[in-house]
Amino acid sequence: MTPPASGEPLLEFLAVMRRLRAECPWKREQTHRSLARYLLEETHETLEAIDAGAETGDWEHLREELGDLLLQVYFHAVVAEEEGTFTIDDVARGITEKMYRRNPHVFGPRSDDQPRDAAAVDEVWQAIKAQDRPRTSPTDGLPETLPALLYAAKAVERGGAAPEQPADLGERLLALVQEAVAEGIDPEQALRDAVRRLP
């Protein structure tokens, strides 16, 4: 069994990234905007590694891709640190506070009405998230750069309704997404799996 992480390599990696920014001409020139495409690429490569690991049971490729994804997080944090906007500590502190706030069943006082299954926990999470970010429409706050099926699924999950009699292809696709969400199916993953099964 793998021993618990100590966190020390994360500090070493931060020092590595600071040095790379200082001494590597290419890395020194990068900005949040110029790095955006690499974050997207690494995210997709990580998703592929997850699918491969699920098929083969070999998760070594995922470990590697998570490292590449972590590089992007630290790269952006070091750029921000140089600009004086935030640090990696601020990033970690912010997500830690969010986890405390959105997981009262773990970090709050114990009570008999705490959620006891994954669906109930997700319901609590979504309710707290809605308080954190009030919205006026199902697409408020959803990045428009999400893959279309994922964008539609998230909008439907938030209460977006598909037309009763879909007229064009987009409306028919939206109705299929609504059907998938109602059945607890991730339409993005379902389509990827179907494409992979093509002869």
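Residue positions within a chain follow its written sequence, with the count starting from 1. Where local features are concerned, this predicted model is filtered to residues with pLDDT of at least 70; where side-chain atom pairs are given and counted, the filter is 80 or more; whole-chain, interface and lining totals use all residues. By convention in this description, side-chain values take in all heavy atoms of the structure and omit both hydrogens and water.

Trainee: I'd like to hear about the overall build of the protein chain, residue by residue, with values.
Mentor: Scanning the protein chain from N- to C-terminus turns up 10 helices and 0 strands. The way it works is that DSSP assigns letters per residue, a run of H or I at least four long becomes a helix, a run of E at least two long becomes a strand, and they are numbered from the N terminus. Across the protein chain, helices and strands are ordered from the amino to the carboxyl terminus as α-α-α-α-α-α-α-α-α-α. By the compact-globule yardstick of 16 Å for 199 residues, the protein chain is too spread out, its C-alpha radius of gyration being 21 Å. For the protein chain, the spread of C-alpha atoms along the principal axes amounts to about 60 × 50 × 40 Å. Accessibility here uses a 1.4 Å probe with only protein chains present; expressed as a share of the type maximum, an area under 20% marks a residue as buried, one over 50% as exposed, and anything in between as partly exposed. Looking at the protein chain residue by residue over its 199 residues, the buried ones come to 19%. Contacts between residues were defined by any pair of non-hydrogen atoms, one from each residue, lying within 4.5 Å. Within the protein chain, contacts between residues at least 6 apart in sequence are counted, and of these 46% link residues at least 24 apart. Charge counting treats Lys and Arg as positive and Asp and Glu as negative, with His and both chain ends excluded. We put the charge of a Lys on NZ, of an Arg on CZ, of an Asp on CG and of a Glu on CD. Looking at the protein chain, you have 23 positive and 38 negative side-chain charges, and the mean spots of the two groups are 4 Å apart. Our radius of gyration is a C-alpha quantity, and the globule rule it is checked against amounts to 2.2 Å times the number of residues to the power 0.38.

Trainee: Account for helix α9 (residues 169–182), with residues named and values stated.
Mentor: One fewer than the residue count of a helix, multiplied by 1.5 Å, yields its expected span. The first and last C-alpha atoms of α9 sit 20 Å apart over 14 residues, in line with the 20 Å expected at 1.5 Å per residue. Any N or O atom pair separated by 3.5 Å or less is treated as a polar contact, with the protein-specific requirement of one donor-capable and one acceptor-capable atom, and with residues adjacent in sequence counted only for side-chain atom pairs. The N-terminus of α9 is capped by aspartate 168, whose side-chain oxygen sits 3.2 Å from the backbone nitrogen of glycine 170. Immediately downstream of α9, the backbone of glycine 184 shows phi near 75°, a positive value.

Trainee: Now, about the packing of aromatic side chains: what can you tell me, with residues and values included?
Mentor: For this analysis, a ring pair means two rings from Phe, Tyr or Trp (six-membered ring only for Trp) whose centres lie within 6.5 Å, classed as stacked if their planes differ by under 30 degrees, edge-to-face if by over 60, and tilted for the remaining angles. For the structure on display, the rule yields 3 aromatic pairs. Relative to tyrosine 38, the ring of tryptophan 26 lies with its centre 5.9 Å away and its plane at 75°, an arrangement referred to as edge-to-face. Highlighted residues: tryptophan 26 in helix α2 (residues 25–29) and tyrosine 38 in helix α3 (residues 32–56), separated in sequence by 12 residues. A relative accessible area of 39% means that tryptophan 26 is categorised as partly exposed. For tyrosine 38, a relative accessible area of 24% gives the class partly exposed. Taking the centre distance of 4.6 Å and the plane angle of 75° together, the rings of tyrosine 100 and phenylalanine 107 count as edge-to-face. Residue phenylalanine 107 is classed as partly exposed on the basis of its relative accessible area, which comes to 47%. Sitting over a ring, as applied to charges here, requires NZ of Lys or CZ of Arg to be within 6 Å of the ring centre and within 35 degrees of the ring normal. Between arginine 102 and the ring centre of tryptophan 125, over which it is positioned, the NZ or CZ distance is 5.2 Å.

Trainee: So what's going on with the packing of α3 against helix α4 (residues 60–83)? Residues and values would help.
Mentor: Where α3 meets α4, the axes come as close as 8 Å, and the angle between the chain directions of the two elements is 160°. As far as their axial angle goes, α4 and α3 are roughly antiparallel. The way α3 lies across α4 gives a crossing that is left-handed. Contacts from His32, Leu35, Tyr38, Leu39, Glu42, Thr43, Glu45, Thr46, Ala49 and Ile50 of α3 reach α4 at His61, Leu62, Glu65, Leu66, Asp68, Leu69, Gln72, Phe75, His76, Val79, Ala80 and Glu83. Think of it as three bins: nonpolar holds Ala, Val, Leu, Ile, Met, Phe, Trp, Tyr, Cys and Pro, charged holds Asp, Glu, Lys and Arg, and polar takes everything else, Gly as well. For the contact of α3 with α4, the residue count by class is 11 nonpolar, 6 polar and 5 charged. Axes, fitted as lines to C-alpha atoms, cover a helix only where it is in contact. Angles between the N-to-C directions of the axes lie from 0 to 180 degrees. In what follows, roughly perpendicular refers to angles from 65 to 115 degrees, roughly parallel to angles under 35, roughly antiparallel to angles over 145, and oblique to any angle outside these ranges. Note on convention: the crossing is left-handed when the near helix lies turned anticlockwise from the far helix by less than a right angle, right-handed when the turn is clockwise.

Trainee: Any details on the environment of proline 138? Residues and values, ideally.
Mentor: By the secondary structure assignment, proline 138 is in the loop between α7 (118–132) and α8 (148–157). Relative accessible area serves as the criterion here: at 27%, proline 138 is assigned to the partly exposed category. Linking proline 138 and aspartate 89, residues 49 residues apart in sequence, is a C-alpha distance of 32 Å. For proline 138, the residues in contact, after removing those within four places along its chain, are Ala155, Arg158, Gly159 and Gly160.

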